[in-house]
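Architecture at a glance
Spelled out from the first residue to the last, the chains are:
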Amino acid sequence: MVARVWSLMRFLIKGSLAGGAVYLVYDQELLGPSDKSEAALRRAEEVVPPAMYQFSQYVCQQTGLQIPQLPAPPKINFPIRESWNSGIIKVMSALSAAPTKALEYSKEGWEYVKEHTK
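What this report covers is the structure whose coordinates are included nearby. Position labels on residues start from 1 in each chain and follow its written sequence. Only residues with pLDDT of 70 or above have their local features reported here, since the model is predicted, and side-chain atom pairs are shown and tallied only from 80 upward, although totals for entire chains, interfaces and linings are computed over all residues. Side-chain descriptors were evaluated using all non-hydrogen atoms of the structure, hydrogens and water having been removed beforehand.

With that settled, the discussion passes to a nonpolar patch on the surface. Together, Met1, Val5, Trp6, Leu8, Met9, Phe11, Leu12, Ile13 and Leu17 make up a nonpolar patch on the protein surface, roughly 1100 Å² of accessible area in all. You can call Phe11 exposed: its relative accessible area is 61%. Residues with no salt bridge and a relative accessible area higher than 30% make up the patches, which join like charges within 9 Å and nonpolar side chains (Val, Leu, Ile, Met, Phe, Trp, Tyr) within 5 Å. Residue exposure ignores everything except the shown protein chains as possible cover, and the areas themselves are Shrake-Rupley values with a 1.4 Å probe. Note on definitions: salt bridges are taken to be side-chain nitrogens of Lys or Arg within 4 Å of carboxyl oxygens of Asp or Glu. Only protein chains enter the area calculation, which uses a 1.4 Å probe; residues under 20% of their type maximum are buried, those over 50% are exposed, and those in between are partly exposed.

Next up, the structure:
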């Protein structure tokens, strides 16, 4: 009985995390235009370090542990829009060429098998 409850709890927790991640991506419009994704990244860069510092201070107060100061996160100074678009273009070109390449490779494989079975 306990094993079933535990497995159900694990399933619900994992499902909640996955659902929350999907909602966050949809709510922040991360799969939309790249300028909105870039703005969300900038907001995260502003919000996450202070939140991590506050959380570490809270943990120190509650547990009495001393957590060393984390180094500052590196600054990202490259245009994400260009990298994202070039990555999408490469993936889409590979997907569009996949049927042709599969046909070529299957013909080559078939010829190889025919030559070696004689």
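Under the counting rule described, the total for this entry stands at 3 salt bridges. Linking Glu45 and Arg42 is a salt bridge whose minimum nitrogen-to-oxygen distance equals 3.3 Å. Residue Glu45 and its partner Arg42 are both found in helix α2 (residues 34-63); the two are separated by 3 residues, about one turn of the helix. Looking at Glu45, the relative accessible area reads 32%, which means it is partly exposed. The salt bridge involving Glu111 is made with Lys114; its shortest N-O contact spans 3.8 Å. One end of the pair is Glu111 and the other is Lys114, both in helix α3 (residues 80-116) and 3 residues apart, which spans about a single turn. Taking relative accessible area as the criterion, Lys114 reaches 37% and is therefore assigned partly exposed. Each helix is a run of H or I in the DSSP string that is no shorter than four residues. Each strand is a run of E no shorter than two, and both are numbered from the N terminus.

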